[in-house]
Amino acid sequence: MRYQLLGRSGLRVSEVCLGTMTFGTEWGWGADKHESFKIFETFASAGGNFIDTANRYTEGSSEKYVGEFIESDRDHWVLATKFTLKDRNNDLNYAGNHRKNLMRSVLSSLKRLNTEYIDLLWVHLWDNTTPVEEVMRGLDDLVSRGLVHYVGISDTPAWIVSQANTIADFRGWNAFAAIQFEYSLLQRTPERDLIPMARALDLAVTPWGTIGGGALTGKYLRGEAGRVPDDSARRNEHSSLIAQAVVEVANELDVTPAQVAINWTRHRNQVMIPIIGASREKQLIDSLGCLNFTIPDAMIQRLNEVSKIELGFPHEFLKSDGVKEEAFGGLFEKLDNHRG
Ligand SMILES: NC(=O)c1ccc[n+]([C@@H]2O[C@H](COP(=O)([O-])OP(=O)(O)OC[C@H]3O[C@@H](n4cnc5c(N)ncnc54)[C@H](OP(=O)(O)O)[C@@H]3O)[C@@H](O)[C@H]2O)c1
């Protein structure tokens, strides 16, 4: 295991993060407490120190298990949890990114986690309602109170993250150090704006769903069971072609498809700290093997080709020959350090 700084901060995190959405059986496909502990122990003995949970995962069981597992060495762990998602049905203020829910949710998480502080608090997703200033000021208050050390944001459009960090920087509030979004060979749309933004703002990127919930392991091509429903876009004709390509590359390299899929996300001209999900210990042991090899360029190109997406406007327009000619006065090819 190697370590990375978390974006524009001095915090050191392992090069992969353990996802714990699978800790608890309440959602029908997770691991029971005993298996969850085995997953945790495997990650710890591999040198992992970065662990991701959320207030809502498995109706609170995930936070409770994680709190218990890290208790004997709490300060060693970089513990990340999230707020936003509702903790109670039919109660408007038990959900969202507003200050009341933020404060309530964090205090509840601290109780379930049985800890005095959260290392990294994520906004789980943008609620399209709360003003950016209210969110950033609320998060900054939690940092000032010592309840939270760093803040990050997940599942949010790039322009909102940029606006939030710009406002935070100008006002002297804590800015987001990290960003979380779905990213895999099945979901490359973050290449349009989120990834370039992360590079420009020096945000750590921690992608989730890097094996498409299991679809990229090829298990559904082989008719095996798993948690991805058969009507999911992760299992349609196009996704199956991509999964097939991952399986072929894995066979040629004598590694496993999960290792290829996760490894691919780590070589994207951007530091990526994948959040690895596992329902069983043996899956995590397999997936951690993604750290031990390099995919040759020609195979990366094959995977890129089968999974390629349209970047859309304005990206395609700005790359067109006519625009390059006009904007660079015909000298584009001579510029070694253009930022495109
Ligand atoms: N911010 C967000 O909105 C958000 C959303 C989702 C997840 N997350 C975070 O990201 C983490 C990972 O996400 P994820 O679980 O959705 O995605 P994932 O890592 O793409 O998928 C994990 C699933 O794939 C299967 N699997 C894992 N390793 C395998 C292996 N080596 N071989 C075969 N199958 C394997 C297991 O399902 P089966 O055993 O059923 O096949 C497992 O539950 C979560 O735990 C959570 O911390 C964040």
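Conventions adopted
- Residues numbered from 1 in each chain as written.
- Predicted model: local features only at pLDDT ≥ 70, side-chain atom pairs only at ≥ 80, totals over all residues.
- Heavy atoms only, no water.
- Helix = DSSP H or I, 4+ residues; strand = E, 2+ residues; numbered from the N terminus.
- Rg over C-alpha atoms; globule rule 2.2 N^0.38 Å.
- Buried < 20%, exposed > 50% of the residue type's maximum accessible area, 1.4 Å probe, protein only.
- Contact = heavy atoms within 4.5 Å.
- Areas by Shrake-Rupley, 256 points an atom, 1.4 Å probe, with all protein chains shown as cover.
- Lys, Arg positive; Asp, Glu negative; His and termini not counted.
- Charge placed at Lys NZ, Arg CZ, Asp CG, Glu CD.
- Near = heavy atom within 4 Å.
- Polar contact = N/O pair within 3.5 Å; in protein donor to acceptor, adjacent residues only side chain to side chain.
- Nonpolar A, V, L, I, M, F, W, Y, C, P; charged D, E, K, R; others polar.
- Phe/Tyr/Trp six-rings, centres within 6.5 Å; stacked < 30°, edge-to-face > 60°.
- Disulfide = S-S within 2.5 Å.

By the naming in an unreviewed UniProt entry, the protein chain is Aldo/keto reductase, taken from Dyadobacter sediminis.

Asker: Residues and numbers for the overall build of the protein chain, please.
Answerer: If you tally the helices and strands in the protein chain, you get 12 helices and 10 strands. Whereas a compact globule of 340 residues would reach a radius of gyration of roughly 20 Å, the protein chain reaches 21 Å, a difference of no more than 12%. Principal-axis analysis of the C-alpha atoms gives the protein chain an extent of 60 × 50 × 40 Å. Counting only residues that meet the buried cut, the protein chain has 53% of its 340 residues in that class. The contacts of the protein chain with a sequence gap of at least 6 include a subset with a gap of at least 24, amounting to 74%. Summed over its atoms, the accessible surface of the protein chain is roughly 16400 Å², and 49% of this surface lies on carbon and sulfur atoms. A distance of 3 Å separates the average location of the 37 positive side-chain charges in the protein chain from that of its 45 negative side-chain charges.

Asker: Describe in detail the site of the ligand, supporting the description with residues and values.
Answerer: In the neighbourhood of the ligand, 30 residues make up the surrounding shell, with Asp52, Asp155, Gln180, Lys219 and Ser279 lying closest. Measuring from an oxygen atom of the ligand, one finds a side-chain N or O atom of Asp52 at 2.6 Å. Coverage of the ligand by the protein amounts to 93% of the 900 Å² it exposes when considered alone. The leading source of residues in the shell around the ligand is helix α9 (residues 281-288), at 3 residues. Residues of the shell around the ligand, tallied by class, amount to 6 nonpolar, 17 polar and 7 charged.

Asker: Please provide a residue-by-residue account of the packing of aromatic side chains, values included.
Answerer: Following the criterion strictly, the structure yields 12 aromatic pairs and no others. Seen from their ring centres, Tyr65 and Phe69 are 6.1 Å apart, and the 35 degrees between their planes marks the pair as tilted. In this pair, Tyr65 and Phe69 both sit in helix α2 (residues 61-70), 4 residues apart, roughly one turn of the helix. The same class applies to Tyr65 and to Phe69, which are both buried. Following the ring pairs from residue to residue traces out a cluster consisting of Phe23, Phe37, Phe40, Phe43, Tyr65, Phe69 and Trp77.

Asker: Quick rundown of the state of the cysteines? Include the residues and the values.
Answerer: In the structure shown here, the tally under the stated rule is 0 disulfides. Of the cysteine sulfurs around Cys17, a residue in no disulfide, the closest is that of Cys290, at 13 Å. Residue class for Cys17 comes out buried when judged on its relative accessible area of 1%. With relative accessibility at 0%, the residue Cys290 sits in the buried group.

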